[in-house]
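Overview (structure and organization)
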Amino acid sequence: MTLQSRLRDVESRLEQACLRSGRRREDVNVIAVTKYVSAGTAEAVVREGVTHIGENRWPNAKPKWDALKGQASFHYIGSLQTNKVKDIVGKFEFIHSLDRISLAEAIHKRAQALDVQVPCFLQVNVSGEESKHGLAPEEVISFIEKVKPFDRIRLIGLMTMAPFESEAESTRPVFRALRQLRDDLNAASALDEPLTELSMGMSNDFEVAVEEGATWVRLGTVLVGKEEMEEELS
Ligand SMILES: *Cc1c(COP(=O)(O)O)cnc(C)c1O
């Protein structure tokens, strides 16, 4: 499949998921996760109009950032070590993986030095899988209290990864729980500004995530392919 046909296919699946759930297509943002592909493919994706790029490691992201800075917004979606924060803040517009106070502090300090604000998602381990990063749902409210003093961090929403399921439908409770958690936090006025964003849904399960309220889907394989598919790029 060519890049264009993959983009068209994903677009029509997104539109269908929005139709099924009474949502507006413009309320769902697509992040092209380019960690498996070259800078050339990332540039092609941006030329096709997808201007949010997701990466999970700085060494992989660097060639894409060099090629696309100013033309795309970069999203950091991987687990982030505090000693790597200096590479990320100032280059990546969004961080989806905030899950520790030590990390919040490091982001805040770096952002202060650069005089920027960093919109962040709190990563929540809804499924409770041990292999997954993120806060337990019941930890989130006290975590928010502890992050408040770090005023260079702007909490905008929640992020989760669902377990891989052969039936995408099986992921629905995870996405529904993340939306419920966001709504509960907002009902409790956990923050002055309500959390509006939900970063959830990947290649395998994005339609279910959209039906459950995703505002950002993170799409790698289904959208940009993997390296071995690149020769099919048109
Ligand atoms: C790799 C990755 C994705 C995209 O994965 P696909 O299944 O290829 O769409 C999304 N989110 C995170 C956090 C990732 O690490």
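Rules used in this analysis
Residues numbered from 1 in each chain as written. Predicted model: local features only at pLDDT ≥ 70, side-chain atom pairs only at ≥ 80, totals over all residues. Heavy atoms only, no water. Helix = DSSP H or I, 4+ residues; strand = E, 2+ residues; numbered from the N terminus. Buried < 20%, exposed > 50% of the residue type's maximum accessible area, 1.4 Å probe, protein only. Contact = heavy atoms within 4.5 Å. Areas by Shrake-Rupley, 256 points an atom, 1.4 Å probe, with all protein chains shown as cover. Lys, Arg positive; Asp, Glu negative; His and termini not counted. Charge placed at Lys NZ, Arg CZ, Asp CG, Glu CD. UniProt positions renumbered as here; feature names shortened; annotations may be inferred. Near = heavy atom within 4 Å. Polar contact = N/O pair within 3.5 Å; in protein donor to acceptor, adjacent residues only side chain to side chain. Nonpolar A, V, L, I, M, F, W, Y, C, P; charged D, E, K, R; others polar. Core = buried A, V, L, I, M, F, W, Y, C linked by side-chain atoms within 4.5 Å. Patch = residues over 30% accessible without salt bridge, like charges linked within 9 Å, V, L, I, M, F, W, Y side chains within 5 Å. Salt bridge = Lys/Arg side-chain N within 4 Å of Asp/Glu carboxyl O. Pairing = 2+ DSSP bridges. Right-handed = clockwise from strand over helix to strand, strands pointing away.

Observations concerning the overall build of the protein
In terms of regular secondary structure, the protein is built from 9 helices and 8 strands. Dimensions of the protein, computed from the C-alpha atoms along their principal axes, are close to 50 × 40 × 30 Å. Among the 234 residues that make up the protein, the fraction classed as buried is 50%. For the protein, the share of sequence-separated contacts (at least 6 apart) that also reach a separation of at least 24 residues comes to 59%. Accessible area of the protein: about 10,900 Å², with a carbon and sulfur share of 48%. Across the protein, the 30 positively charged side chains and the 37 negatively charged ones have centroids separated by 4 Å.

Focus on the UniProt feature "domain: Alanine racemase N-terminal" (unreviewed entry) in the protein
Under the local residue numbering, the UniProt record ascribes the feature "domain: Alanine racemase N-terminal" (unreviewed entry) to residues 27-226. Overall, residues 27-226 shows 36% helix and 19% strand. The separation of its end C-alpha atoms is 27 Å.

Topic: the site of the ligand
Residues in contact with the ligand, as listed here, are Val33, Lys35, Tyr36, Ile77, Met159, Met161, Met202, Ser203, Arg218, Leu219, Gly220 and Thr221. In the environment of the ligand, an oxygen atom lies 2.5 Å from a nitrogen or oxygen atom belonging to the side chain of Ser203. Note that a nitrogen atom of the ligand is positioned 2.8 Å from one of the side-chain N or O atoms of Arg218. Taken by itself the ligand offers 390 Å² of open surface, and the protein chains cover 92% of this. Here the residues of the shell around the ligand are counted per class, giving 7 nonpolar, 3 polar and 2 charged.

Section: the nonpolar core
In terms of nonpolar packing, the biggest core is built from 69 residues, with Leu98 and Leu155 touching the most fellow members. If one sorts the elements of this core by residue count, helix α1 (residues 3-21) sits on top with 6 residues. If sequence neighbours within four positions are ignored, Leu155 has contacts with Leu98, Cys120, Leu122, Ile144, Val147, Leu191 and Leu195. Val33, Ile77, Ile156 and Met159 belong to the second-largest nonpolar core, a separate cluster that totals 8 residues.

Points about the side chain of Arg152
Mapped onto the elements, Arg152 comes out in the loop between α6 (140-147) and β6 (153-159). Contacts of Arg152, omitting those with residues within four sequence positions, involve His108, Ala111, Gln112, Asp115, Val116, Gln117 and Val118.

Thoughts on a positive patch on the surface
Together, Arg57, Lys84, Lys86 and Arg110 make up a positively charged patch on the protein surface. Mapped onto the fold, Arg110 is located in helix α5 (residues 101-114).

Some thoughts on the UniProt feature "modified residue: N6-(pyridoxal phosphate)lysine" (unreviewed entry) in the protein
If you check UniProt for "modified residue: N6-(pyridoxal phosphate)lysine" (unreviewed entry), the listed places come out as Lys35 in our numbering. Within the fold, Lys35 resides in the loop between β1 (29-33) and α2 (39-47). Overall, the relative accessible area of 27% leaves Lys35 in the partly exposed class. Once you skip the residues sitting within four places of it in the chain, Lys35 turns out to touch Gly54, Glu55, Asn56, Asn60 and Lys64.

As for the pairing of strand β2 (residues 52-55)
Every second residue of β2 is oriented toward a common face, with His52 and Gly54 on one face and Ile53 and Glu55 on the other, all of them buried. Of the strand pairs in this sheet, β1 and β2 are connected by 2 bridges, and their pairing is parallel. Each bridged residue has a counterpart across the sheet, and for Val33 the counterpart in β2 is Gly54. Alignment of β2 against strand β3 (residues 73-76), held across 4 bridges, turns out to be parallel. Looking at β3, one finds that Ile53 is bridged to Phe74. Taken together, β2, helix α3 (residues 58-68) and β3 form a β-α-β motif whose crossover is right-handed.

A short note on the side chain of Asp205
Residue position: Asp205 is located in the loop between β7 (197-199) and α8 (206-211). For Asp205, the side chain forms a polar contact with the main-chain nitrogen of Met202, separated by 2.6 Å. Setting aside anything within four residues of it in sequence, one finds Asp205 in contact with Ala162, Ala168, Thr171 and Phe175.

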